Amino acid sequence: MSDSPVDGVAVHTPVPAAAGQVARAPYRWRWVALWVLLAAEAMDMLDALVANVAAPSIRADLGGGAATVQWLGAAYALAMAVGLITGGRLGDIVGRERMFLIGALGFTAASLLCAVSWSSGMLIRARGLQGLFGAVMIPQGLGIIKEMFEGPEIGRAFGLFGPVMAAATVGGPVLAGVLVDADLFGSGWRMIFLINLPLGLLALLGGWKFLPESRSARRPRLDLTGAALASSAALLLLVLPLVQGRELGWPTWTFVSMAAGIGLFSVFGRYEMRVARAGGDPLVVPGLFRKRAFSAGLVTGAVFFAAVAGFSLVLSLFLQSGLGLTPLRAGLASLPWSLGMVLGFAAVRAVERFGDLERLGRRVIRTGLVVMALGIAVLGVTLNTAGTGVTLWHLAPALVLAGLGTGLVMGPFFDTVLGAVEPHESGSASGTVTAVQQLGSAMGVAVLGTVFFGGLGGPIAGSADLAARTAAVAGYSATMQVTLWAGTGLLAAALAASFLLPRPVRAREH
């Protein structure tokens, strides 16, 4: 097969084998290997979700302020964003199977370090270490899939990411609630990290047994200067003030830091183009951004995942700190959102089976953004209408609607963005896509978390005094409404960016 980019969209055309050349047989264990990669993806997503549910319990045990809660998610997402592009390139250089195994081993060890943390600072640093090793492990999957599968099988392989992510989304909050409430062996919240030990060992064994050795035909050099500019410096300068700024009263350095971070991204872009023109190996292949599906997809995905991650955090905080639910009940209360995601993924699969997802994928993404924004807006109206008498049954319909939209977007997203990527660009492209996803998540936690905590001033709703509890519920509800409107604004921005996605070639021909 060959991919001929036309206006940023890949057109798949068969290429006959040369005379006397034997066509390469498909990898025998490709579907088993795919499930190993999906299991690692699920483990990563579970760790991003369970910390949100356990955050109030962790804060009560280890101490810390509102920024501690934000950093539990942001440290993981930021560290992963920092390392993903470099992690993808290391797979091209050293070998994707080897880097996957190194990442899985480090991720498992970092999970153990999280579980034994005795202070909030240590836990946040361990979460960052988890994210860094996740950044080594996760991007190898997309490159391996591109090499194991051809033709229509690639779409089916990428299509399995949706159901797996849905299952992780459904199971993550409930699993975290069960483990925290069960307090097995007196471990409390620590069990959400200890559970990674058997999962990590299974990923190691499965990867060692079934993953094929995979690397670029030409071994590129690692662009260390680009890695330092894109990862460490620019991302940290941008996210650090967003998380810490509110508690510190937004001193001048926070705005200077954010401006410097944006400026460094510009410097990074110019540096990468100079490396490419000199015949070097840039960390991010500049040619990727000439593909409209890729560049527009990055912008859309960054804002969308910011809304999803920020909403997940504030919903968990509202349910536990605002309504006084236990971690288990909070996890169960988020099930309507997860159920809606499952329905969204099922709808995407129906379009793929009975329609033409390549032609309709852009419309499905836009529809999903509208539906999710509508669900979050309905949730805000529900809180305003129900007042202090709000119950989980009041919230369920809006959460199902928001989840439905989330699933509609996530289902075709990766295939749409990566459809135009050439095989030799897969390491750089997969690392960049996932890095932008994680950067968006870190930004969403920082932005929506700041809006949420900035509006609070009352006691926790679990107070024994009825009047204080009622006042706290009203305060949390009002703050949640403001945060939800901010989330709706993010989704509106993502919708605007989605109109930059190119129409598929076949759609333009009709």
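As a reminder, the structure under discussion sits directly above these lines.
These figures come from a predicted structure and were not determined experimentally.

A. The overall build of the protein, seen in detail. When its secondary structure is counted, the protein shows 19 helices and two strands. For the protein, with 510 residues in total, the buried portion stands at 58%. Partitioning the contacts of the protein with sequence separation of at least 6, the portion at a separation of at least 24 is 83%.

B. View of the nonpolar core. In terms of nonpolar packing, the biggest core is built from 133 residues, with Phe-304, Phe-318, Leu-319 and Leu-395 touching the most fellow members. With 17 residues, the top contributor of residues to this core is helix α1 (residues 30-62). Ignoring sequence-local partners within four residues, the contact set of Phe-318 consists of Leu-323, Leu-383, Leu-395, Phe-452, Tyr-476, Ser-477 and Met-480.

C. Representation of the packing of aromatic side chains in the model. Counted under the stated rule, the structure contains seven aromatic pairs. With centroids separated by 5.6 Å and ring planes inclined at 80 degrees, the aromatic side chains of Phe-305 and Phe-413 adopt a geometry described as edge-to-face. One end of the pair, Phe-305, is in helix α12 (residues 292-322); the other, Phe-413, is in helix α16 (residues 392-418), with 108 residues separating them in the sequence. This pair shows no difference in class: Phe-305 is buried, exactly as Phe-413 is. Seen from their ring centres, Phe-452 and Phe-453 are 5.7 Å apart, and the 80 degrees between their planes marks the pair as edge-to-face. Residue classification places Phe-452 among the buried positions, given a relative accessible area of 1%. Three or more aromatic residues joined by ring pairs make a cluster, and in this case those are Phe-304, Phe-305 and Phe-413. Above the ring of Phe-499, the side-chain terminus of Arg-366 is found at 4.3 Å from the ring centroid.

D. Structural detail: the packing of helix α2 (residues 66-94) against helix α4 (residues 120-137). Closest axis-to-axis distance for the α2/α4 pair is 7 Å, and the angle between their directions is 30 degrees. As the angle between them shows, α2 and α4 are arranged roughly parallel. Crossing angle aside, the handedness with which α2 passes α4 is right-handed. Seen from α2, the contacting residues are Thr-68, Trp-71, Leu-72, Gly-73, Ala-75, Tyr-76, Ala-79, Met-80, Val-82, Gly-83, Leu-84 and Gly-87; seen from α4, they are Ser-120, Leu-123, Ile-124, Arg-127, Gly-128, Gln-130, Gly-131, Leu-132, Gly-134, Ala-135 and Val-136. Partitioning the contact of α2 with α4 into residue classes produces 13 nonpolar, nine polar and one charged.

E. The arrangement of α2 in detail. In a regular helix each residue adds 1.5 Å, so 29 residues correspond to 42 Å; α2 covers 41 Å between its end C-alpha atoms and thus fits that length. At Leu-84, α2 is bent by approximately 40 degrees, the largest bend along its length. Where burial is concerned, most of α2 is hidden: 27 out of the 29 residues are buried. Where α2 ends, the next residue or the one after it, Gly-95, has phi of about 125 degrees, a positive value.

F. Fine view of the pattern of salt bridges. Throughout the structure, instances matching the rule amount to one salt bridge. A salt bridge links Arg-190 to Asp-61; the shortest N-O distance between them is 3.7 Å. Pair noted here: Arg-190 is in the loop between α7 (161-182) and α8 (191-194) and Asp-61 is in helix α1, with a separation of 129 residues, a long-range link.

So, how was this worked out
- Residues numbered from 1 in each chain as written.
- Predicted model: local features only at pLDDT ≥ 70, side-chain atom pairs only at ≥ 80, totals over all residues.
- Heavy atoms only, no water.
- Helix = DSSP H or I, 4+ residues; strand = E, 2+ residues; numbered from the N terminus.
- Buried < 20%, exposed > 50% of the residue type's maximum accessible area, 1.4 Å probe, protein only.
- Contact = heavy atoms within 4.5 Å.
- Core = buried A, V, L, I, M, F, W, Y, C linked by side-chain atoms within 4.5 Å.
- Phe/Tyr/Trp six-rings, centres within 6.5 Å; stacked < 30°, edge-to-face > 60°.
- Lys NZ or Arg CZ within 6 Å of the ring centre and 35° of its normal.
- Axes fitted to C-alpha atoms, helices over the stretch in contact; angles between N-to-C directions.
- Parallel < 35°, antiparallel > 145°, perpendicular 65-115°, else oblique.
- Left-handed = near helix turned anticlockwise from the far one by under 90°.
- Nonpolar A, V, L, I, M, F, W, Y, C, P; charged D, E, K, R; others polar.
- Expected span 1.5 Å × (residues − 1).
- Bend = angle between axes of the 7 residues up to and from the residue.
- Salt bridge = Lys/Arg side-chain N within 4 Å of Asp/Glu carboxyl O.

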